[in-house]
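A structural walkthrough
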Amino acid sequence: MSLEGKKVLITGGSGFIGTHLILHLKKLGADVLNVSNRSPQVACRTIISDLRKGDFSFLEEGFDYIIHLAALSNHQMCMDPEEAFEYNVTMTHTLFSKLKDYKKIKKIIFMSSVVVYSRNVQVPIKEDSKLDIFHNNYSFTKGICEQISEYFIKKYDMPIFIFRLSNIYGPYQDWKINPNLLPQVISQAIINKKIEIWNLDPIRDYIYVDDVVEAIIKALHSDTTGIFNLGTGIGTSVREIITKIANLTNVEVNSLNKPVSGPIRIICDINKIKNELGWRPRIILDEGIKRTVDHYKKIIPFCK
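The notes below deal with the structure included here. No experiment lies behind these values; they were computed from the predicted model shown.

**Here we look at the overall build of the protein**
Along its length, the protein carries 8 helices and 13 strands. Its C-alpha atoms give the protein a radius of gyration of 19 Å, within 12% of the compact-globule value 19 Å for 304 residues. Out of the 304 residues belonging to the protein, those deemed buried represent 53%. Looking at the protein alone, contacts between residues at least 24 apart form 77% of all its contacts between residues at least 6 apart. With the model as given, the accessible surface of the protein reaches about 14,300 Å², and the carbon-plus-sulfur share is 49%.

**Digging into unusual backbone geometry**
Cis peptide bonds are those with omega within 30 degrees of zero, and the linkage from Val123 to Pro124 qualifies with 0°. By secondary structure assignment, the location of Pro124 is in the loop between β5 (107-113) and α3 (137-156). With phi around 60°, Asn250 is a residue other than glycine that occupies positive phi space. Within the secondary structure, Asn250 is located in the loop between α6 (238-249) and β13 (252-255). Judged by relative accessible area, which is 72%, Asn250 ranks as exposed.

**A short note on the side chain of Ser14**
Along the chain, Ser14 turns up in the loop between β1 (7-11) and α1 (16-27). Relative accessible area serves as the criterion here: at 0%, Ser14 is assigned to the buried category. Filtering out sequence-adjacent residues up to four positions away, Ser14 remains in contact with Thr19, Asn34, Ser36, Arg38, Ser39, Pro40 and Gln41.

**Some details on helix α4 (residues 181-192)**
Look at α4: 16 Å from first C-alpha to last across 12 residues, which is about the 16 Å you get at 1.5 Å a residue. Every buried residue belonging to α4 is among Leu181, Leu182, Pro183, Val185, Ile186, Ser187, Ala189 and Ile190, and all of these are buried. Elements in contact with the buried residues of α4: β7 (167-169), β8 (194-197), β10 (206-208), α6 and α8 (285-299). With its phi angle positive at about 60°, Lys193 sits one or two positions after the end of α4.

**A look at the packing of aromatic side chains**
Aromatic rings in a pair are described by how distant their centres are and how their planes are angled relative to each other. Enumeration according to the criterion identifies 9 aromatic pairs in this entry. Aromatic side chains Phe134 and Phe140 sit 6.0 Å apart centroid to centroid with 35° between the ring planes, which places their arrangement in the tilted category. When the centroid spacing of 4.8 Å and the interplanar angle of 50° are considered together, the rings of Phe161 and Phe163 count as tilted. A residue is classified by how much of its surface remains accessible, and Phe163, at 0% relative accessible area, is buried.

**Notes on the sheet that holds strand β11 (residues 226-230)**
Read from one edge to the other, the open sheet built from 7 strands follows the order β3-β2-β1-β4-β5-β6-β11, with strand pairing classed as parallel. In this open sheet, the two edge strands, each paired with only one partner strand, are β3 (45-48) and β11. Going from strand to strand, the sheet's axes swing by 20° on average, the running direction of each strand aside. Relative to strand β2 (residues 31-36), β1 runs parallel, the two being bridged by 5 bridges. For Thr11, the partnering residue across the bridge sits in β2 and is Val35. α3 rests against β5, β6 (160-165) and β11 of the sheet, and its axis sits at about 155° to β5. Sheet strands in contact with helix α5 (residues 209-220) are β4 (65-68), β5, β6 and β11, and its direction is about 145° off that of β5.

**Examining helix α2 (residues 81-99)**
Structurally, the α-helix is built with 3.6 residues per turn, so residues lying three or four positions apart point the same way. Here α2 spans 26 Å end to end across 19 residues, near enough to the 27 Å set by a 1.5 Å rise per residue. Those residues of α2 that sit buried are Ala84, Tyr87, Asn88, Val89, Met91, Thr92, Leu95, Phe96 and Leu99. A side-chain oxygen of the first residue of α2 lies 3.0 Å from the backbone nitrogen of Glu82; this N-cap is Asp80.

Criteria and thresholds
- Residues numbered from 1 in each chain as written.
- Predicted model: local features only at pLDDT ≥ 70, side-chain atom pairs only at ≥ 80, totals over all residues.
- Heavy atoms only, no water.
- Helix = DSSP H or I, 4+ residues; strand = E, 2+ residues; numbered from the N terminus.
- Rg over C-alpha atoms; globule rule 2.2 N^0.38 Å.
- Buried < 20%, exposed > 50% of the residue type's maximum accessible area, 1.4 Å probe, protein only.
- Contact = heavy atoms within 4.5 Å.
- Areas by Shrake-Rupley, 256 points an atom, 1.4 Å probe, with all protein chains shown as cover.
- Expected span 1.5 Å × (residues − 1).
- Phe/Tyr/Trp six-rings, centres within 6.5 Å; stacked < 30°, edge-to-face > 60°.
- Pairing = 2+ DSSP bridges.
- Axes fitted to C-alpha atoms, helices over the stretch in contact; angles between N-to-C directions.
- Polar contact = N/O pair within 3.5 Å; in protein donor to acceptor, adjacent residues only side chain to side chain.

What follows is the structure, encoded as structure tokens:
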């Protein structure tokens, strides 16, 4: 699937998903511009810019595709409600307001999250399942951004494709600031030579970053817009994840058996993305975890 000569803008491309996207898009021949508030982790033409300040002059270059990743990307980063709203909601609305005047854009990707679903829905969770965006500042801002996206789809016929992403993992995920299970547990195992975990029972849908990138590439070439779950459709318990990581790092596990907030089971129904995009996950969990552990083993000893 070539993107030879196509101009692709990634906002927030210096982050986890953006880093993998840059590597993949360049292999496909795309001309990539990364606009981010920090330097990229891999070589890429980059403009360092705080998009909250509204300088979108780079859009004058003209782009075939826009992948909007710039955001505070987890609940711990969204503790300040005003900052979360400014980064996630205001910035997205401003960007989309600018993009509505660029009629030659073929596709705009917006990354939402499964956190917008109600905690009482039946699993596997379908795209039309009940929503409840009021869990925390992160889910609230993602839910509002989905509404903004749908407004611009309906009002201005903008080609916006919305992914509701499940639990993503893989290399380049920042273990120092990311609260997600895998980076936290793997870094514990490597640094502390043991794993301490609150609870082993929650079940989540874990998807490897390369599969997410493949889905985004598929979406760029699609004729559809709207909302799609992006996961594996397979639920895996924390116990299973921890056991795999402990075996790869040869450490012991201590479960505190503390109660956890949120639902015990979150598993995506991915029939819509399979049927409409012809996409399905390829990286099995054992392989994805091994790749991730190997990556952290290489970088953590050298990180301060």
